[in-house]
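# Structural overview for review
Here is how the chains run, residue by residue.
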Amino acid sequence: MPRFDRQFPGSPDPSPRGLADGVDLSGETVNVALVVPMRGPSGMFGPACELCAELATDEVNRAGGVLGRELHLVPVDGGAPPDRVAAEVEALVSLGAVQGVTGWHISSVRQALAPRVAHRVPYVYTALYEGGERTDGVFMTSETPLDQLSPAMRLLGRERGLRRWFVVGNDYVWPRGTARAARRYAAECGAVICGESYLPLGTQDFGEVLRHIERSEGDAVLMLLVGSDAVRFNRAFARSGLDQRCLRLSTLMDESMLLASGPSATNGLYSTAGFFASLTTSENLDFHGRYARRFGVDAPPLGSLGESCYEGVLLLAALIEQAGTLDVRTIVGHADTVSYEGPRGLLRMRRRHMRQRIYLAEAQGLEFDVVAQL
């Protein structure tokens, strides 16, 4: 099976390879492009995303595969520039080297990729996103602001008395789209957005934005930063002393980012998501056990972003099996009848989005304590 070279605890080797290297083109397998970041601010998620997708693939194959054929993963670096990612996946589709696409990657990549492939092969997008994706052939496993951010802002506003939110995000479609929604949610709970700052991916210096937050007299920061950018922001935020007067809420803060931030940088930090590694559900405990048995104690730690790629493989297999074909139009027609059981419990598809429970967690040192189901 094509897979990333194992380099625990680092990142996969991003060196180029042939588009169809090691891919079975005989029609005896169902090949899926796994688009996950192997570089840039989100590259820290790549190893866990790969392993979770690999675990799901192994389990699907043990259960009989897809349409009686073995499922294979074909890795694609989703951390490359969006047009480059889209061109590579489109070439794989045109060659017949892949019959589906899944993975965690930022919304800019999805927007470049979806128009080029979604009408030809099913595309399961596993990242939380800004909402509103309606391209035929695209299916979503993760959270949107309406289900994730709105109830979290309401709850924190009520319980912590928050009235002034400052938005800090990377400068692309997901943070800006989410901030637009946050303005509505703030007004609905009697709060205001008192400032916004958008920074390039890969930002190193947060001094200026921290001064803006302090001058705004905000009592909460909505963090819409990706990967290592969020890690650096957390550290700078704590060093500035703002963590003593200002709460942080992120809709993209998983366990790997928490660990990288360090215990001194997580005071007053909240995250909202459909999965946390610390959830004590039977489905999650079983998932942890299977992951540890398959990859060992030195594997990258489980988190919501890696787990989403497990969900992506399960959903793609379920969509194809339910339709009984790889034809995208038929798959779309059957999509609302699809359900499956995974680490997030029993999930059902509605309007090409999976409906799921959403949680709010507070960082306690290097772990998340789930404090509410939203």
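Going by the structure above, here's the rest.
Reference entry: report on the structure contained in this document. These numbers were taken from a predicted model, which means no experiment stands behind them.

To continue, consider the nonpolar core. Ranked by internal contacts, the top residues of the largest apolar core, which has 127 residues, are Trp104, Ile213, Phe233 and Leu249. When sequence neighbours within four positions are dropped, the list of residues in contact with Phe233 reads Val168, Phe206, Val209, Leu210, Ile213, Val221, Met223, Leu225 and Arg248.

We now examine the pairing of strand β15 (residues 367-373). Sheet topology note: the strand β14 (residues 359-364)/β15 ladder contains 6 bridges and is antiparallel. The residue of β15 that forms the bridge with Ala361 is Val370.

A word on the layout of surface pockets. Roughly 500 Å³ of internal volume is contained in the largest pocket. As for the largest pocket, its lining consists of 22 residues, and the residues nearest its centre are Gly132, Thr144, Leu146, His353 and Arg355. Elements supplying a minimum of two residues to the lining of the largest pocket: α4 (145-160), α5 (173-188) and β13 (353-355). For the lining of the largest pocket, the per-class residue count stands at 6 nonpolar, 6 polar and 10 charged.

With that out of the way, let us pick up unusual backbone geometry. Its identity is not glycine, yet Leu67 carries a phi of approximately 55°, on the positive side. Inspection of the secondary structure puts Leu67 in the loop between α1 (46-62) and β2 (70-77). On the basis of relative accessible area, Leu67 is assigned to the partly exposed category, the value being 31%. Look at Glu217: it is not a glycine, yet its phi comes out positive at around 60°. Checked against the element boundaries, Glu217 lands in the loop between α6 (207-216) and β8 (220-224).

Another point: the packing of aromatic side chains. Geometrically, a pair of aromatic rings is defined through the distance of the ring centres and the angle of the planes. Throughout the structure, instances matching the rule amount to 10 aromatic pairs. With 5.5 Å between their ring centres and 40° between their planes, Phe233 and Phe237 make a pair best called tilted. Separated by 4 residues within a single helix, Phe233 and Phe237 lie in helix α7 (residues 227-240), roughly one turn from each other. Among the residues examined, Phe233 registers a relative accessible area of 0% and is labelled buried. Ring pairing ties together the aromatic residues Tyr123, Tyr125 and Tyr129, which thus form one cluster.

In an α-helix, one full turn covers 3.6 residues, which means residues spaced three or four apart are oriented alike. Every buried residue of α6 is listed here: Val209, Leu210, Ile213 and Ser216. Mapping the buried residues of α6 onto a view down its axis gives an arc of 125°, with all of them on the same face. Those residues of α6 that are exposed and angled more than 90 degrees off the buried face are Glu208 and Arg215. If you follow the buried residues of α6, they end up packed against β6 (164-170), β7 (192-199), β8 and α7. Backbone geometry just downstream of α6 places Glu217 in the positive-phi region, at approximately 60°.

This part covers the sheet that holds β8. Pairing within the open sheet is mixed, and its 7 strands lie in the order β7-β6-β8-β9-β10-β14-β15. Whereas interior strands pair on both sides, the edge strands pair on one side only; in this sheet they are β7 and β15. Each strand axis lies, on average, 25° off the axis of its neighbour in the sheet, ignoring direction. In this structure, β6 lies alongside β7, joined through 7 bridges in parallel fashion. Within the sheet, the bridge partner assigned to Val168 lies in β7 and is Ser197. Each of β6, β8, β9 (247-250), β10 (269-273), β14 and β15 touches α4; the most contacted strand, β9, lies at about 165° to it. Relative to the sheet, α6 contacts β6, β7 and β8, its axis offset from that of β6 by approximately 165°.

Procedures and definitions
- Residues numbered from 1 in each chain as written.
- Predicted model: local features only at pLDDT ≥ 70, side-chain atom pairs only at ≥ 80, totals over all residues.
- Heavy atoms only, no water.
- Core = buried A, V, L, I, M, F, W, Y, C linked by side-chain atoms within 4.5 Å.
- Buried < 20%, exposed > 50% of the residue type's maximum accessible area, 1.4 Å probe, protein only.
- Contact = heavy atoms within 4.5 Å.
- Pairing = 2+ DSSP bridges.
- Helix = DSSP H or I, 4+ residues; strand = E, 2+ residues; numbered from the N terminus.
- 1 Å grid on protein atoms, 1.4 Å probe; cavity = no way out; pocket = protein on both sides within 12 Å on 5 of 7 lines; lining within 4 Å.
- Points joined across faces, edges and corners; volume = space filled by probe spheres on them.
- Nonpolar A, V, L, I, M, F, W, Y, C, P; charged D, E, K, R; others polar.
- Phe/Tyr/Trp six-rings, centres within 6.5 Å; stacked < 30°, edge-to-face > 60°.
- Arc of directions from axis to C-beta.
- Axes fitted to C-alpha atoms, helices over the stretch in contact; angles between N-to-C directions.

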